[in-house]
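# Examining the three-dimensional arrangement
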Amino acid sequence: MQMPDLVERAAALDALEAALEAAAGGCGSVVLVTGEPGIGKTALVTHFADLHRTDARVLIGLCDDLATPRPLGPFRDLADQLSGTSAELVRRDSATAAASVHQMLLEDLRRGPAPTVLVVEDVHWADQATIDAITVLGRRLADVPVLLVLTLRLGDVDPGHPLWSAVDALQRASTVTIDLSPLSRQAVLALAGQDADRIYALSNGNPFFVTELLASGDGPPPPSLANAVLSRVAQLPDRPRRLLELVSMVPSRMPTRLLDVLEPDWAAAAEPAERRQLLTSDAEHVRFRSELTRAAVRSSVPPVRRRQLHRKILRHLQEVGAEPAELVHHAEAAGDPDIVAEYALPAARQARAVDSHREALAHLRRAADHCDRLSPSERARLWGELAETAHLVGHGDEALRAADAAIALAEATGDEEATGRCTRLRSQLHWFAGEGESAWRDARAALRVLDRSGSPAQLALGYVGYAELAMLASRTEDALRWGARAVELAGGDDAVLARALAAVGAARMQLDPSDTGVLHAALDAARRTGEHEHAVLSYTALAFCNLLWVRPERALRSLQDGVRYAREHEVDTMVGYLEAIRAWLLLRQGAEDEATGLARATLTRAAAPESTVAGLVARTVLAERAVRRGADDADIRLAAVASDADRTGELKRIGPVLELEAERALTRGDPLPVSRLEDISRRVGPQPLRCGVAGARLAAWATVCGAPHEFEGRAPEPYAAMLERDWQAAADAFGAVGWQHDRALLLSFTDSEQALAEAVEIARTLGARPLEGRIRRRMRGAGLAVPRGALPSTRSNPAQLTDRQLEVLALVREGRGNADIAALLHLSPRTVEHHVAGIFTKLGVATRAEAVARCAELDLV
């Protein structure tokens, strides 16, 4: 049924009704109601909820437009309507609550009266903990009798905000999106009659503006629609006007229990405003019918009176024990620094406990502005928390400054445990900034101090810091030794044990790609204990090691899982790093444009400026593309990343740059970088050169350069072949994983005319002009016929497929596997694999099914 005041919303109501009917049958879903301010999102969901209060449990929570949102704000509002356990968890300010609240909410909804309509309004103002909760709930409603309705203004959400990831995740679940449109001219005509043209021109069909203009009567149009609201407010008696001003000071809605204290006779004053459809109320709250109305009223209140009203609200909020974030919001608006100083730190810790790190950082900054009120030890703790939080959300410079302040204060008070803890944190910050020497210096200093402090858990973390740096520097022997010491000292501390196991597991995987058990155990432990940053580090280690071992599919899975987890838990620092690694993987797979766009986007993130490790990986991707394309700035890019890679002191950063330097020399006919290899050996020390995947890759390229090496361990298949100077086998191994440029480069070392001809074709297809030039020079030097360009049959088809690739594609279209194709065309299965990979690259697809579909689109076969 459609109420008279809901115009042109029948389709939206039908969609909601269908979703509720499915939920009543046990098949829950999510409905996203989106649209511009004033479009009628609240009116729609309120009307829908009112229709079903007798045949469904209706729960409505609102996100607040506070300066810093309350963690789990809408669910806290609903706590009284949830079961006792869920209500307690939602109200609790601990990491345990963050880890358990999602499951308990889901169980509460599953056990409650069926069906349930859960509405969360204004999700664009949600804190991270709320975003996490609705994401988890929304993806698990398939067999739960719940309709989750979310209203939001996507236009108010900045690019990169975690809400976009949540929306993306929800849209992959059972989700319907209702994007409300403005009213049509016909609808406005039906409402406004002869004045329709004027009202439509001013409102553009926005229902709120239409309503306000209609309410302003037949007089001249107001100079602005805000004035249209205020002209209606001006018609109210004094007491209702003052009540509106008071209510406008509270974002979203005013609790009636608070109004009972502030204005005991408020109901009589609210009645005229409700009649004029400015306010609406229920048993628990009073709110403006539109946020635009509230904003217009609030902006009309003179600043001095605004501060008085906030001060009045603040005083009574203190009396009823309101949440710290609410107190800070009103204290700031009231100009009361004492209250801000008192509650900013509790608000920050409440936000940190539920992983709302951005909100926590905002409150910690406020607390830091008033830190002179704290004791030196309390100030040291505050700056340490600020350093950790700023690091998590990607503000590296701010994190370093805060860590410096924390260390200085801890040293001044003689607190060795705090000094060691903050120095260890600063070591980690230096590593993220790409400052390897500083990271090691702080790690050594932290270990010395923690050894004196007498705390086994903190000393264990000191050894963890050592093991992590050793693992990252490919010093696997040291990483395993110090990691084992950390495990020994960790005792029953699961969080410390998870970090120690991650360092050990990553070191073991560098020696053997199949030895992933310890690293997966560390990942599970970090997730279980809520150590979200270290869970993401474990995902990163899995991804990076698989990439180095030339296992791109496994690497991609870990990258996708890691990015999703990092975004869910606001570990922004690691999102940029993971995306940079993904760009590198995409480049190797031939998706140059996507890789370049992702690398550039990574460099624009606050969490990954050029100087950081994430920025270095992204810039290495761009340098690799420049070298392979023969770009004018290739030498400049290469020199810059070489300098910054050296600054890290890590072979896994330096080695890939050396590979590019060698390729650059090969394609230009310059001397190979033998002296550079000698410099790297001195820089990284002997341990990484003897074993481990990074050492294997460097040794393989030392073989290319004709330089000696000390490597004795296991190597990835293509690099093992390079160590044996079996260029064809190395090329085949690269081709098998779709790394076509690497295949062509290795084929360029062979003396086979067929192999060199294939290499020329690959290079031409990829636009790798320097490599194509090298191969042509080799063929001319060997007296071989040099292909002059693509055959007419190749040039004639849109995808530039060769005749042989067209033959293979035709058989793929018939559903034949590689073995069948090889037998029919009298080729080896490995050669067929290479042809299939080349077809995928040229068609821009990833699977055989996509290739067949693309073939039909282009009419190739």
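A short tour of the structure in this document, coming up. (Residues numbered from 1 in each chain as written. Predicted model: local features only at pLDDT ≥ 70, side-chain atom pairs only at ≥ 80, totals over all residues. Heavy atoms only, no water.)

Along the backbone of the protein chain there are 47 helices and eight strands. Its C-alpha atoms give the protein chain a radius of gyration of 32 Å, near enough to 29 Å, the size a compact globule of 861 residues would have. On the principal axes, the C-alpha backbone points of the protein chain span a range of 100 × 75 × 50 Å. Counting all 861 residues of the protein chain, 57% fall into the buried class. Residue pairs at least 24 apart in sequence account for 63% of intrachain contacts in the protein chain once pairs closer than 6 positions are excluded. Of the accessible surface of the protein chain, which amounts to about 34300 Å², a share of 50% is contributed by carbon and sulfur atoms. Separation of charge centres in the protein chain, based on 100 positive and 118 negative side chains, amounts to 3 Å. (Helix = DSSP H or I, 4+ residues; strand = E, 2+ residues; numbered from the N terminus. Rg over C-alpha atoms; globule rule 2.2 N^0.38 Å. Buried < 20%, exposed > 50% of the residue type's maximum accessible area, 1.4 Å probe, protein only. Contact = heavy atoms within 4.5 Å. Areas by Shrake-Rupley, 256 points an atom, 1.4 Å probe, with all protein chains shown as cover. Lys, Arg positive; Asp, Glu negative; His and termini not counted. Charge placed at Lys NZ, Arg CZ, Asp CG, Glu CD.)

Another aspect to go through is the nonpolar core. Of all hydrophobic cores here, the largest spans 127 residues; its most connected members are W431, Y577, W701, M722, L746 and I775. The residues contacting W701, other than those within four sequence positions of it, are L658, E659, A662, L666, Y719, M722 and L745. Residues L246, L327, A367 and A390 belong to the second largest nonpolar core, which totals 56 residues. (Core = buried A, V, L, I, M, F, W, Y, C linked by side-chain atoms within 4.5 Å.)

Looking now at the pattern of salt bridges. Per the counting criterion, the structure on display carries 70 salt bridges. Here R475 makes a salt bridge to D478, at a shortest N to O gap of 3.0 Å. Taking relative accessible area as the criterion, D478 reaches 8% and is therefore assigned buried. The partner of R588 in a salt bridge is E624, with the nearest N and O atoms 2.8 Å apart. (Salt bridge = Lys/Arg side-chain N within 4 Å of Asp/Glu carboxyl O.)

A separate point is unusual backbone geometry. The residue D355 is not glycine, and still its phi comes out positive at about 65 degrees. Mapped onto the elements, D355 comes out in the loop between helix 18 (337-353) and helix 19 (357-369).

Checked against the element boundaries, T604 lands in helix 31 (residues 592-604). The class for T604 is exposed, based on a relative accessible area of 66%. Expressed as a C-alpha distance, the spacing of T604 and G615, which sit eleven residues apart in the sequence, is 9.2 Å.

It is worth spelling out the sheet that holds strand 8 (residues 285-288) at this point. Within the open sheet, the three strands sit side by side as 6-8-7. Their pairing is antiparallel. The open sheet terminates on both sides in strands that have one partner only, identified here as strand 6 (254-255) and strand 7 (279-281). Note: strand 7 against strand 8, three bridges, orientation antiparallel. Following the sheet pairing, S281 is matched in strand 8 by V286. (Pairing = 2+ DSSP bridges.)

With that settled, consider the sheet that holds strand 3 (residues 116-121). Strand order in the open sheet formed by five strands is 2-3-4-1-5, and the pairing between neighbours is parallel. Edge positions in the open sheet fall to strand 2 (57-62) and strand 5 (175-179), since each of these has one partner strand only. Each strand of the sheet is rotated relative to its neighbour by a mean of 15 degrees, with strand direction disregarded. Relative to strand 3, strand 2 runs parallel, the two being bridged by six bridges. Bridge pairing in strand 3 links L62 to E121. Of the strands in this sheet, strand 1 (29-34), strand 3 and strand 4 (146-152) touch helix 6 (residues 128-138), which is tilted by about 140 degrees from strand 4. The strands that helix 7 (residues 162-171) touches are strand 1, strand 4 and strand 5; relative to strand 1, the one it contacts most, it runs at about 130 degrees. (Axes fitted to C-alpha atoms, helices over the stretch in contact; angles between N-to-C directions.)

For any two helices packed against each other, one specifies the inter-axial angle together with the distance between the axes. The N-to-C vectors of helix 41 (residues 753-766) and helix 42 (residues 769-781) enclose an angle of 155 degrees; their axes lie 8 Å apart at closest approach. Viewed along their axes, helix 41 and helix 42 adopt a mutual orientation that is roughly antiparallel. Note that helix 41 runs across helix 42; the crossing there is left-handed. Across from E753, L756, A757, A759, V760, A763 and R764 in helix 41, the residues of helix 42 making contact are L771, E772, I775, R776, R778 and M779. Classifying every residue of the contact of helix 41 with helix 42 gives eight nonpolar, no polar and five charged. (Parallel < 35°, antiparallel > 145°, perpendicular 65-115°, else oblique. Left-handed = near helix turned anticlockwise from the far one by under 90°. Nonpolar A, V, L, I, M, F, W, Y, C, P; charged D, E, K, R; others polar.)

Given 3.6 residues to a turn, an α-helix orients residues that are three or four positions apart in the same direction. Taking 1.5 Å as the rise per residue, helix 42 with 13 residues should run 18 Å; its terminal C-alpha atoms sit 18 Å apart, in good agreement. Taken as a whole, helix 42 has its buried residues at P770, L771, E772, R774, I775, R776 and M779. On its buried face, helix 42 is in contact with helix 32 (613-629), helix 34 (651-668), helix 40 (740-747) and helix 41. A positive phi of about 70 degrees marks G783, the residue just after helix 42. (Expected span 1.5 Å × (residues − 1).)

Let us now look at helix 33 (residues 634-648). The terminal C-alpha atoms of helix 33 lie 21 Å apart, and with 15 residues this matches the ideal 21 Å at 1.5 Å per residue to within 8%. Among all positions of helix 33, only A634, L638, V641, A642, D644, A645, D646 and T648 are buried. Among the structural elements, helix 23 (436-453), helix 32, helix 34 and helix 35 (674-684) are those in contact with the buried residues of helix 33.

As for its position among the elements, T573 is in helix 30 (residues 572-588). Taking relative accessible area as the criterion, T573 reaches 7% and is therefore assigned buried. Within polar-contact distance, the side chain of T573 engages the backbone nitrogen of G394 at 3.3 Å. (Polar contact = N/O pair within 3.5 Å; in protein donor to acceptor, adjacent residues only side chain to side chain.)

Okay, the packing of helix 31 against helix 32 next. With their axes 9 Å apart at the nearest point, helix 31 and helix 32 run at an angle of 145 degrees to one another. The way helix 31 lies across helix 32 gives a crossing that is left-handed. Touching E592, D593, A595, T596, A599, R600, T602 and L603 of helix 31 are A614, G615, A618, R619, V621, L622, R625 and R629, all from helix 32. A breakdown of the residues in the contact of helix 31 with helix 32 according to their chemical character gives seven nonpolar, three polar and six charged.

This next bit is on the environment of A782. Among the secondary structure elements, A782 is positioned in the loop between helix 42 and helix 43 (792-796). C-alpha of A782 to C-alpha of D751: the two residues are 31 residues apart in sequence and 8.1 Å apart in space.

Turning next to the packing of aromatic side chains. Overall, the coordinates contain eleven aromatic pairs when judged by the stated rule. Consider the rings of W431 and Y577, whose centres lie 6.2 Å apart with planes at 75 degrees: the pair is edge-to-face. With a gap of 146 residues between them, W431 in helix 22 (residues 416-432) and Y577 in helix 30 connect regions that are remote in the sequence. Residues W431 and Y577 agree in their burial class; the two are buried. Cluster of aromatic residues (ring-pair linked, three or more members): W431, F432 and Y577. Over the face of the ring belonging to W549 we find R714, whose NZ or CZ atom lies 5.9 Å from the ring centre. A cation sits over an aromatic face here: R774 above F749, 4.7 Å from the ring centre. (Phe/Tyr/Trp six-rings, centres within 6.5 Å; stacked < 30°, edge-to-face > 60°. Lys NZ or Arg CZ within 6 Å of the ring centre and 35° of its normal.)

This part is about the pairing of strand 1. Of all six residues in strand 1, six are buried, a share of seventy percent or more. Alternating positions in strand 1 separate into two faces, S29, V31 and V33 on one and V30, L32 and T34 on the other, with burial throughout. Of the pairings in the sheet, the one linking strand 1 to strand 4 comprises six bridges and is parallel in character. Note that in strand 4 the partner of S29 across the bridge is L147. In terms of strand pairing, strand 1 meets strand 5 through five bridges, oriented parallel. Within strand 5, the residue paired with V30 across the bridge is T175.

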